[in-house]
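If you want the building blocks of each chain, they are given just below.
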Amino acid sequence: MNNIVLSPQNAKLVEHSVYRVTEITVLNHLANILNLKAGQESVLNIIVPNEGRGVGRFYVDERGGVFVEVVELHKTRKRNIHLAIATTRPLMAKRVLEHATTLGAASFNFFPAELSEKSYFSSKVYSDEVASQHIQKGMAQCSEFSTVPKLMKHKKLEDLIKVYADKSVDMYWLDKGASNYFGEPDVNKEIILFIGPERGWTKREIEVFQSSDIIGTKLSNSVMRVEFAVNAAFAQLEYIANRRSDV
């Protein structure tokens, strides 16, 4: 863990700026990896979800309770890249939730594409409880963000497109067969990336994108697994953002 995430799942606020750590995985990490014992204290990186990131003073009281006092907390930059992901294999979905949270996803929008395996949509990994566990893991590795990505499920592609069209968000659908790579997207605006299932988009889905003026974008000439496409998209957008800041 690069950060201890002081979420309601991991810790309980007991007084102003002081939390008691309650989650067993975090407790084991502090005890077994960091060797935190009674009478000792350690200053570690923390994230308070939707508030900021900073450092906390961890200590163990005489009864063995583990506490953390927030020493400093800073606001972080806003997440602005939304992901629209056709339901994929549960193991792949877990990796996407963790990795994309670390990289800065603002939201996860899952929907059943026409070539998605229909049983995937009912998998536990897409439930709020299980998905939030993997989002927490991603936040523990995050170095720039503190807000928690939103999680949404949509019954069909058209419903999802309408949600973001009404918000004036720039939209891109990713496909190996698209004509162009990322051009010059405004990376300071909110954008959403549509990522298809392993079997690709159908002709009808492509027509839906085109009729909605969503931009077709190629990441690579290679066929990419969903998790690789997510990582590649974030890397390319970060490169574009950094290149502009250097000009």
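The preceding data block contains the structure.
Q: So what's going on with the packing of aromatic side chains? Which residues, and what values?
A: The way to describe two aromatic rings as a pair is by their centre distance and the angle between their planes. Using the criterion set out here, one finds eight aromatic pairs in the structure. Taken together, a centroid distance of 5.5 Å and an interplanar angle of 70° make the contact between Tyr172 and Phe182 edge-to-face. You can see Tyr172 sitting in strand 10 (residues 170-174) and its partner Phe182 sitting in the loop between strand 10 and strand 11 (191-195), a full 10 residues away along the chain. Grouping aromatic residues by their ring pairs yields a cluster made of Phe111, Trp173, Phe194, Trp201 and Phe209. The side chain of Lys153 reaches across the aromatic face of Phe121, ending 4.6 Å from its centre. Against the face of Tyr164 rests Lys167, its NZ or CZ located 5.1 Å from the ring centre.

Q: Can you explain the sheet that holds strand 10? Please cite residues and give values.
A: Pairing is parallel across the open sheet formed by six strands, whose spatial order is 9-8-7-11-10-12. Only two strands of the sheet have a single neighbouring strand rather than two, namely strand 9 (150-153) and strand 12 (215-217). Sheet twist, expressed as the average angle between the axes of neighbouring strands with direction ignored, equals 25°. Pairing of strand 8 (residues 105-111) with strand 9, which is carried by four bridges, proceeds in the parallel orientation. Along strand 9, the bridge assignment pairs Phe110 with Lys153. Against the sheet, helix 2 (residues 90-103) contacts strand 7 (81-86), strand 8 and strand 9, and its axis sits at roughly 150° relative to strand 8.

Cut-offs and rules
Residues numbered from 1 in each chain as written. Predicted model: local features only at pLDDT ≥ 70, side-chain atom pairs only at ≥ 80, totals over all residues. Heavy atoms only, no water. Phe/Tyr/Trp six-rings, centres within 6.5 Å; stacked < 30°, edge-to-face > 60°. Helix = DSSP H or I, 4+ residues; strand = E, 2+ residues; numbered from the N terminus. Lys NZ or Arg CZ within 6 Å of the ring centre and 35° of its normal. Pairing = 2+ DSSP bridges. Axes fitted to C-alpha atoms, helices over the stretch in contact; angles between N-to-C directions. Contact = heavy atoms within 4.5 Å.

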